[in-house]
Every structure is written in C-alpha cells, then in structure tokens.
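One letter stands for each residue in the lines below.
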Amino acid sequence: MKKLLTILFAVVLGFNLSAQTDYVETWDPDADGDGLIGVSDLLALLGVFQEEDMDDDGIWDSQDDCVGEYDECGVCNGPGAIYECGCFDDLLDGSCCGGPIIFEGYHYGTIQIGDQCWFAENLQYNPLESEWSEASATAPLTYELPEEYQNGTNQGARYNFPAASQLELCPSSWRVPTRSDIDQLADFLSTEFTEGEEGQALKSDLFWNGTNESGFNAVPLGDKTPAFEKSYWWTGSVFCETGSLFCDGQEGFYLGSEWTVLARFDQFSEQEKFAVRCIRD
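Now for a description of the structure that goes with this document. Everything numeric here is computed off the predicted structure, so don't read it as measured data.

Rules behind the numbers
Residues numbered from 1 in each chain as written. Predicted model: local features only at pLDDT ≥ 70, side-chain atom pairs only at ≥ 80, totals over all residues. Heavy atoms only, no water. Helix = DSSP H or I, 4+ residues; strand = E, 2+ residues; numbered from the N terminus. Buried < 20%, exposed > 50% of the residue type's maximum accessible area, 1.4 Å probe, protein only. Contact = heavy atoms within 4.5 Å. Areas by Shrake-Rupley, 256 points an atom, 1.4 Å probe, with all protein chains shown as cover. Core = buried A, V, L, I, M, F, W, Y, C linked by side-chain atoms within 4.5 Å. Salt bridge = Lys/Arg side-chain N within 4 Å of Asp/Glu carboxyl O.

The subject of this paragraph is the overall build of the protein chain. For the protein chain, the helix and strand inventory stands at four helices and ten strands. Taken from the N to the C terminus, the helices and strands of the protein chain come in the order α-α-β-β-β-β-β-α-β-α-β-β-β-β. A burial count over the protein chain gives 42% of its 281 residues as buried. Taking all contacts inside the protein chain whose residues are at least 6 apart in sequence as the whole, residues at least 24 apart take part in 48%. With the model as given, the accessible surface of the protein chain reaches about 15,300 Å², and the carbon-plus-sulfur share is 49%.

See the structure below:
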C-alpha cells in the first residue's frame, strides 16, 4: 500500500510540479502527522495543486455536484423542510398553508388566517381575456388590468360578478369565498385585533396604509375612483337573482384608505370589475 501511494505521489508531482511555481519545497508527505502515508496525505498534496475535498466525501470539489451536504429536500446546503408540511417542490399544489402554490404558471403565496387558508395576493388568472371596454351583467368576463392602472403594484386580474360566481377561477380544492367565509374572516379579525382596526391588519404595510399583521397583503386598486384609495373583491355567493324586481346588485367586500374596518355591500353592479381572492375548501 505504501509503495502504491508513493507511486501516486510521484505521478501527481510529475504532472503538476512544473506548473506549480509556488510549491512548498519543505512539503511533509505525512500531512496529517499520523506516522503513515495514507489517502488523506494524498488529498492534502493535491490541495497544494488546487484540488481539494472540503467536505471529505472522496470527490474532488471541482467534480463534486455538492460541496457540503444535501438537506432532506435534496438541496445542496439547503435549509431543509422550511414549511411545516414538507419541502418546496412537494407543496406546489397548495396542500400546505403558508407554502407556495403554482396555478396557471403563476406562483402564489398562501396565508393562514384563523381556520382559513387564503391566497396571499389577488388572483392573476384571466381565462377569457375580455376587452377592457366590454361589460355585462349576465355573461362572464375576465380582464387583464391595463398598465395605466398598475402603478407597480401586483393587483391581479379583474372579473365581473358572473365570472366570479359561475367560472372555476381558483385551483382545485380552492374557490371564490362565500358570504359565510367573509363572516368567518370578520369574526376572527374582531377577536385578534383592536376593535375598529381590523381592516388595517388586512392592508399592505408596503403599498398601503395598513399593518398587514394578518398577511392578507391587500393593495389598493388603480382602476377605481379615486385611484389607489380602495380595494374590492367579489364573493361567489349570489345575493339575489340578477334582473329580478328587487335585485339591486350583488355582494362584495372591500377596504378603503380612510377607514380601518373590513366592509361589505350587497348592491354592487354585476358589471363591476373587481378582484378575486381564493380561499381553500
């Protein structure tokens, strides 16, 4: 064995010494000082010639796919399962609240608020690609927000009420919230935050005048008047039959810059272009 290692030393020196001008002439072949010439000594010698095995896995770092250790999620030197339900790639279906979900090519964050799991931003899905100038109280329409209204904030797509109540806009196991979902959200906020300040916990602390303590991260909409003062979302609940004698509109929930509570109204025109926020079943 010693003879073999001696030969390997000679081969390494023969290939590299002429190119290594700063080679230490006093090199001790017993680099680890154990009185033996072994593999670790050979690795130490190769280190002089810029070949190292920092993680001691027997693979030169220049050839090693991971200098370090793979975590439980298969990421080199990664943090491991940072979400309660597992690794990032296992969570893209939205199965873990607080983890990510991919829907129609877009990554959404999710947030737990009480017993509910919500998207942490407005829905971007625009399946019908309706013209912004189109309007209807009966036919579903979905819109991309024109650039002139975006102002650098992620406001999502827009939907009339027929789209919000009739189309499957959210991923599997998710849906447009119902009236009872908003009741539950409001009840939770009232127990967790100062009375009269519940809406502040829903509003963004970066793009609006809220605290975002809930993680809901609401941003004001640029296409409403006055611009960037209010945010509106549809519920999927049909409040009354459109066109009937006593039906003056449908229900949505909203926030405003000048008040600090989560508000609701049941007489919004079905033609209104509102945002949608998905909730998990």
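Back to the write-up after that little detour.
Before going further, it helps to spend a moment on the nonpolar core. If you look at the biggest cluster of nonpolar residues, it comprises 25 residues, and the most contacted ones within it are Phe119, Leu123, Tyr159, Trp174, Val276 and Cys278. Elements supplying a minimum of two residues to this core: β1 (100-103), β3 (116-119), α3 (161-166), β7 (230-234) and β9 (263-268). When residues in this core are grouped by element, the largest group, three residues, is from α3. Other than its neighbours up to four places away in sequence, leucine 123 contacts Phe103, Tyr108, Gly156, Ala157, Tyr159, Leu169, Val276 and Cys278. Within the second largest apolar cluster, 17 residues are counted, among which are Ile113, Ile182, Leu189 and Ala218.

Turning next to the pattern of salt bridges. In total, this model carries seven salt bridges according to the counting rule given. A salt bridge links arginine 175 to aspartate 281; the nearest nitrogen and oxygen atoms lie 2.9 Å apart. Of the two residues, arginine 175 is situated in strand β6 (residues 174-175) and aspartate 281 in the segment after β10 (279-280); the sequence distance between them amounts to 106 residues. For aspartate 281, a relative accessible area of 59% corresponds to the exposed category. Aspartate 183 is paired through a salt bridge with arginine 264; the nearest N and O atoms lie 2.3 Å apart.

Let us look at the environment of glycine 215. You can see glycine 215 is positioned in the loop between α4 (179-192) and β7. Along the sequence, glycine 215 and phenylalanine 119 sit 96 residues apart, while their C-alpha atoms lie 9.6 Å from each other. The residues contacting glycine 215, other than those within four sequence positions of it, are Ile111, Ala120 and Ala201.

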